[in-house]
Amino acid sequence: MYAFDLIRPRTLAEAVAALAEDGAQPVSGGQTLIPTLKARLAQPERLVSLWNIPELRGICEDDAGRLCIGAATTHAAVAAGVADRFPALAQLAGGIGDPAVRSRGTLGGSVANNDPAACYPAAVLATGATVVTDRRQIAADDWFQGMFATALEEREIVTEVRFPVPARAAYVKFVQPASRFAMVGVFVAQFADGVRVAVTGAAEDGVFRWTDAEDRLSDRFDATVLEGMAPPADGMIGDIHATPAYRAHLVGVMTRRAVAAA
Amino acid sequence: MADITVTVNGKAMRRSVPDHTLLSEFLRETLRLTGTHVGCDTSQCGACVVHVDGRAVKSCTTLAASVDGAAVTTIEGIASGSDLHPMQAAFNDHHGLQCGFCTPGMIMSGIDMVNRYKAEGRALTPDAIRHELEGNICRCTGYHNIVKAIEDAAGRMTSMATAAE
Ligand SMILES: Cc1cc2nc3c(=O)[nH]c(=O)nc-3n(C[C@H](O)[C@H](O)[C@H](O)COP(=O)(O)OP(=O)(O)OC[C@H]3O[C@@H](n4cnc5c(N)ncnc54)[C@H](O)[C@@H]3O)c2cc1C
Ligand code: FES
Ligand code: FES
């Protein structure tokens, strides 16, 4: 590993101050960033660890009944901690990577990174969650801005994500067999005022809402209303694993399965 | 440099390591515990799995400085004297290894999954074992005997725990 400095703050305020230095970048669980550093795809001079900041960890409920999950909460802790209150989210977190990745990787890292094949972005967008940072609150619809792009500003830290809990929900992922990331993953969430469908893994612009499916499902929440439907292949990812047409087809299949499972 | 206090295989120690040191480097190069293997650069193979505070982690994807204050267990720390850990014994009995490169990681992941399933009161079926091994790659065995070994060890670990109670 090439040399960098690591700052280990104990409070959010210390972390914010440490990030004010030039060339500094946060590191949370490191399950994306450390492999990226090894590959020299990024070479920050200074990393600010968010791992030991108690205020960034844990799960609670706010007055509106939303689940508020600290950014540095691990995938394993979410899988165990929300199983009774929001099983679809627990299942998503428990299906990320493998057990060792889940014991270090965090919600905040996933949401900040916005990998086009990551799982959490689908849950955040499908529930219309709110991303909270050290300085503001941003609606999911405004947060995700394309592949690896978000509304996150320089030196800004994601502190928490607030998830409205749907009446019914499910996440179904078709895994890319080598990486276990989503080749296509669909999160379906039914609320009193309508249904939201978010798709990850499929599109060149990263996670997106499949609004045609949302409209039909909001009328009647039943997989059969989506029979034969798929989003346009235009703009879907094409790589050695799957063509754009195949991914578009999978979105239809995974969405129907998610509705049936919800 | 980062000053860290860690307990490795039951032994408390204090060390000063460069900030960028990976836990795998710390174990292998500083402590000379070379049973922890490094098989990839992409955090995918699981040969480097150790336990940090009782949880399986990939030591190649963990900074040594981030385990300050924690207890680390490696493959060197699981046998009691010349008595193999039941997971090690089961890998031996079921031919769960050929070249042996993946074995330390397989065994540490195996122990972790048995402990977690036991704590949650869930059955560790062969299907569950295969699923739990998603982060451990073996280029030799074809996995069947690894799955058998973990299944058998789960039974041995449970009867051991019952006998101890
Ligand atoms: C083998 C393997 C398999 C995986 N499989 C999956 C999968 O199936 N699905 C999936 O979704 N993911 C998968 N991942 C990725 C994993 O979920 C990561 O844990 C996650 O994407 C990043 O979280 P982290 O805490 O590790 O972030 P880090 O690696 O620490 O950071 C990632 C990026 O986010 C920034 N960052 C981190 N935290 C914050 C914060 N609070 N505020 C602002 N910026 C921040 C960092 O600066 C960095 O740029 C896999 C990873 C591996 C190694
Ligand atoms: S060496 Fe750690 S996952 Fe391969
Ligand atoms: S025994 Fe050779 S890699 Fe598994």
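Residues numbered from 1 in each chain as written. Chains lettered and ligands numbered in written order. Predicted model: local features only at pLDDT ≥ 70, side-chain atom pairs only at ≥ 80, totals over all residues.

Things to note about the site of ligand 1
- The immediate surroundings of ligand 1 are formed by 33 residues, with Gly29, Gly97, Gly105, Gly108 and Gly109 of chain A found nearest.
- The environment of ligand 1 is shared, with nearby residues belonging to chains A and B.
- A per-class count over the shell around ligand 1 returns 16 nonpolar, 15 polar and two charged. (Near = placed C-beta within 6 Å. Nonpolar A, V, L, I, M, F, W, Y, C, P; charged D, E, K, R; others polar.)

A short note on the sheet that holds strand β1 (residues 5–7) of chain A
Residue and element names in this part refer to chain A.
- Pairing is parallel in the open sheet, where three strands are placed in the order β1-β3-β2. Each end of this open sheet is capped by a strand with a single partner; those strands are β1 and β2 (24–27). Here the average twist between neighbouring strands, direction ignored, is 30°. (Pairing = 2+ DSSP bridges. Helix = DSSP H or I, 4+ residues; strand = E, 2+ residues; numbered from the N terminus. Axes fitted to C-alpha atoms, helices over the stretch in contact; angles between N-to-C directions.)

Some points on the environment of Pro54 of chain A
Residue and element names in this part refer to chain A.
- Following the sequence through the fold, Pro54 ends up in the loop between β3 (46–49) and β4 (59–61).
- Given 11 C-beta atoms within 10 Å, Pro54 falls into the exposed group.
- Considered as a pair, Pro54 and Gly70 are 16 residues apart in the sequence and their alpha carbons are 9.1 Å apart. (Buried ≥ 20, exposed ≤ 12 C-beta atoms within 10 Å, placed from the backbone.)

Looking at the sheet that holds strand β9 (residues 168–175) of chain A
Residues and elements named next belong to chain A.
- Taken in spatial order, the four strands line up as β9-β10-β11-β12 in an open sheet, and their pairing is antiparallel. Bordering the open sheet on either side are β9 and β12 (208–209), each of which pairs with just one other strand.
- Pairing geometry for strand β11 (residues 194–200) and β12, over two bridges, is antiparallel. Along β12, the bridge assignment pairs Val199 with Phe208.
- Packing of helix α10 (residues 244–261) onto the sheet brings it into contact with β9, β10 (182–191) and β11, and relative to β10 it is tilted by some 40°. (Contact = placed C-beta atoms within 7 Å.)

Quick look at α10 of chain A
Residues and elements named next belong to chain A.
- Across its 18 residues, α10 extends 25 Å between first and last C-alpha, which sits within 8% of the 26 Å expected from 1.5 Å per residue.
- Considered for burial, the residues of α10 that qualify are Arg247, Ala248, Leu250, Val251, Met254, Thr255, Arg256, Ala258 and Val259.
- The inward-facing, buried residues of α10 contact β9, β10, β11 and α9 (211–219). (Expected span 1.5 Å × (residues − 1).)

Details of the nonpolar core
- The biggest cluster of nonpolar side chains holds 128 residues, and the ones touching the most others in it are Ala122, Val186, Phe187, Val188, Val197, Val199 and Ala258 of chain A.
- When neighbours within four sequence positions are excluded, Val188 of chain A is seen to be in contact with Ala126, Ala169, Ala170, Val195, Val197, Thr255, Ala258, Val259 and Ala262 of chain A. (Core = buried A, V, L, I, M, F, W, Y, C linked by C-beta atoms within 7 Å.)

A few points about the domain arrangement of chain B
Residue and element names in this part refer to chain B.
- Here the domain parsing of chain B yields domain 1 (2–77) and domain 2 (86–164).
- Each of domain 1 and domain 2 has a C-alpha centre, and the two are 21 Å apart.
- Listed by partner, the interface residues are 15 residues for domain 1 and eleven residues for domain 2.
- Listed by contribution, the elements that provide at least two residues to the side of domain 1 that touches domain 2 are β3 (49–52) and β4 (55–58).
- Counting residues per element, the side of domain 1 that touches domain 2 draws most heavily on β3, which supplies three residues.
- Residues belonging to the side of domain 1 that touches domain 2 are distributed by class as follows: seven nonpolar, seven polar and one charged. (Domains from an automatic or database assignment.)

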